[in-house]
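# Inside the fold
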Amino acid sequence: PAATLAAGSIAGISTWAVAIPFDTLKTRWQTGKYQCWGQCLRAVTSPAGVSSLFAGFWPIVLGGVPRDAACLFGVEFALRVLNRN
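What counts, and at which threshold
- Residues numbered from 1 in each chain as written.
- Predicted model: local features only at pLDDT ≥ 70, side-chain atom pairs only at ≥ 80, totals over all residues.
- Heavy atoms only, no water.
- Axes fitted to C-alpha atoms, helices over the stretch in contact; angles between N-to-C directions.
- Helix = DSSP H or I, 4+ residues; strand = E, 2+ residues; numbered from the N terminus.
- Parallel < 35°, antiparallel > 145°, perpendicular 65-115°, else oblique.
- Contact = heavy atoms within 4.5 Å.
- Nonpolar A, V, L, I, M, F, W, Y, C, P; charged D, E, K, R; others polar.
- Phe/Tyr/Trp six-rings, centres within 6.5 Å; stacked < 30°, edge-to-face > 60°.
- Buried < 20%, exposed > 50% of the residue type's maximum accessible area, 1.4 Å probe, protein only.

Before going further, it helps to spend a moment on the packing of helix α1 (residues 2–29) against helix α2 (residues 37–45). It is at 10 Å that the axes of α1 and α2 come closest, and there the two elements cross at 110°. In terms of axis orientation, α1 runs roughly perpendicular to α2. The segment α1 lies against α2, with Thr 24, Leu 25, Lys 26, Arg 28 and Trp 29 engaging Trp 37, Cys 40, Leu 41 and Val 44. For the contact of α1 with α2, the per-class residue count stands at six nonpolar, one polar and two charged.

Written out as structure tokens, the structure is:
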């Protein structure tokens, strides 16, 4: 069970690490202030660099990791129960 929870946690962190920058750009793009994605990217990254794309990363990860770990644990548990003969 601990390995499954750890795997779910790592999967959750990895998912958010990839998704957050795109979500940050999408959210800024939806304000309608930019004419193209490049302009939006430059505006987001100009104040603090690429780290600006990861704004809000830790609150999302700290909330999402337990959920992702529990989800994978639930799937693994259900598979074990359903595959018993």
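All right, on to the packing of aromatic side chains then. Summed over the entire model, instances satisfying the criterion amount to four aromatic pairs. Plain terms: the ring middles of Phe 73 and Phe 77 are 6.4 Å apart, the flat faces sit at 15° to each other, and that makes the pair stacked. With Phe 73 and Phe 77 both in helix α3 (residues 57–82), this residue pair falls four residues apart, about one helical turn. Here a set of aromatic residues connected by ring pairs shows up, and it is made of Phe 54, Phe 57 and Trp 58.

Position of Ala 48 among the secondary structure elements: in the loop between α2 and α3. Classification of Ala 48 as exposed rests on a relative accessible area of 52%. For the pair formed by Ala 48 and Leu 72, sequence separation is 24 residues and the distance between their alpha carbons is 35 Å.

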